[in-house]
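Remarks on the overall topology
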Amino acid sequence: MVEEREVQVHLLPGLAPPGRLAHGIAVVIDVLRASTTIIHALAAGCTAVRPCSAVDEARKVADGMRAGRVLLGGERKGVAPSGFDHGNSPAEYTAKNCRGSTLVLTTTNGTPALVRAAEAERILVAGFVNFSAICDQLRQDSRPVHLICAGTDGEITLEDTLLAGALVDFLCDASEVNLNDGARLAWDCFETHGRVLLGALELSRGAVELRRLGYDEDIQMAAKIDQFALVPELRRDPLRVEVGAVGMVKNHWPK
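Quantities reported herein were computed from a predicted structural model and do not represent experimental measurements.

Moving on: the state of the cysteines. Counting across every chain of the model gives zero disulfides. Counting only cysteine sulfurs, C46 is the nearest neighbor of C52, a cysteine outside any disulfide, at a range of 14 Å. With relative accessibility at 2%, the residue C52 sits in the buried group. Of all cysteine sulfurs in the structure, the one in C149 sits closest to C189, which takes part in no disulfide; the separation is 9.4 Å.

Here it is in structure tokens:
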């Protein structure tokens, strides 16, 4: 009898009880926009991303680092806090800005989700922009899978649920799995809405707010499937996200 692999989706970080992530591999998802921004920043040459839950914490971390080698980025209510170098738009993180620098990042939902996920043995950061690279890592790693959706202000989001559902779809094809109800809900959401991805993302509350703020391009950037073949991975002491794996990957997006 083939042993089933545990695959759980936590539609909000707070829905994963303390201790649940231990011994597993966690995948943190904040499509609009922290996950997408982290991937873009690392692809553009940032050596690491330091996730911080609070604005004051981010300022303190950045102040303690070498001048000229640090970028302070993030958002509250969608826009960059006063004195920050950049916001949370992936378009801001270019090779000119990023190469050789550490990004200290604080966002309303994504970076707290990363900090919460640190309980897991291994932590990856996923977006649609590195979907197949994440799939390859999940196929190679036999640990239980926890897909953690950042949500928005404590509410479940369509865009994060869609990506979780796409990953569940891949994992169901790759091996025998045991799904929790969150995984089944995310999978159903993807099957219903995910085939026209940009249109589905534009339906979300997050996208509506981004359009109101003038960040239409961020939605389009987040919907670019497999733009990058890199996998950001959270390291410890200090908590930082670095490129954990890079390489050519097979396209795993569902046909």
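Additional details are given in the paragraphs that follow.
Here we take up the pattern of salt bridges. Counted by the stated rule, this structure contains 15 salt bridges. Across the pair E119 and R116 runs a salt bridge, and its minimum N-O distance is 3.4 Å. Owing to a relative accessible area of 31%, E119 belongs among the partly exposed residues under this scheme. Two residues, R122 and D141, come together in a salt bridge whose shortest N-O distance is 3.1 Å. Placement of R122 in strand β6 (residues 122-126) and of D141 in the loop between α5 (131-140) and β7 (145-149) is noted, with a sequence separation of 19 residues between them. On the basis of relative accessibility, which here comes to 9%, the residue D141 falls in the buried class.

All right, on to the packing of aromatic side chains then. This model, assessed by the stated rule, comprises three aromatic pairs. Judged by centre distance (5.9 Å) and plane angle (75 degrees), the rings of F128 and W253 are edge-to-face. Taken as a pair, F128 in the loop between β6 and α5 and W253 in the segment after β10 (240-246) lie far apart in primary sequence, 125 residues in all. Residues F190 and W253 carry aromatic rings whose centres are separated by 5.4 Å and whose planes lie at 85 degrees to one another, so their mutual orientation is edge-to-face. In this pair, F190 sits in helix α7 (residues 181-193) while W253 sits in the segment after β10, placing the two residues 63 residues apart along the sequence. No difference in accessibility class separates F190 from W253, as the two residues are buried.

Residue position: T111 is located in helix α4 (residues 110-117). Spatially, the C-alpha atom of T111 lies 8.5 Å from that of A150, the residues being 39 residues apart in sequence. Those residues within four positions of T111 in sequence are excluded, and the remaining contacts are P51, C52, S53, L105 and T106.

The next thing to look at is the pairing of strand β3 (residues 48-52). The two faces of the sheet receive side chains in turn, since in a regular strand these alternate between them. Of all five residues that make up β3, five are buried, and the element is covered over most of its length. Here β3 shows two buried faces, one formed by A48, R50 and C52 and the other by V49 and P51. Across five bridges, the pairing between β3 and strand β5 (residues 102-106) is parallel. What sits directly across from V49, in β5, is L103.

Cut-offs used in this document
Residues numbered from 1 in each chain as written. Predicted model: local features only at pLDDT ≥ 70, side-chain atom pairs only at ≥ 80, totals over all residues. Heavy atoms only, no water. Disulfide = S-S within 2.5 Å. Buried < 20%, exposed > 50% of the residue type's maximum accessible area, 1.4 Å probe, protein only. Salt bridge = Lys/Arg side-chain N within 4 Å of Asp/Glu carboxyl O. Helix = DSSP H or I, 4+ residues; strand = E, 2+ residues; numbered from the N terminus. Phe/Tyr/Trp six-rings, centres within 6.5 Å; stacked < 30°, edge-to-face > 60°. Contact = heavy atoms within 4.5 Å. Pairing = 2+ DSSP bridges.

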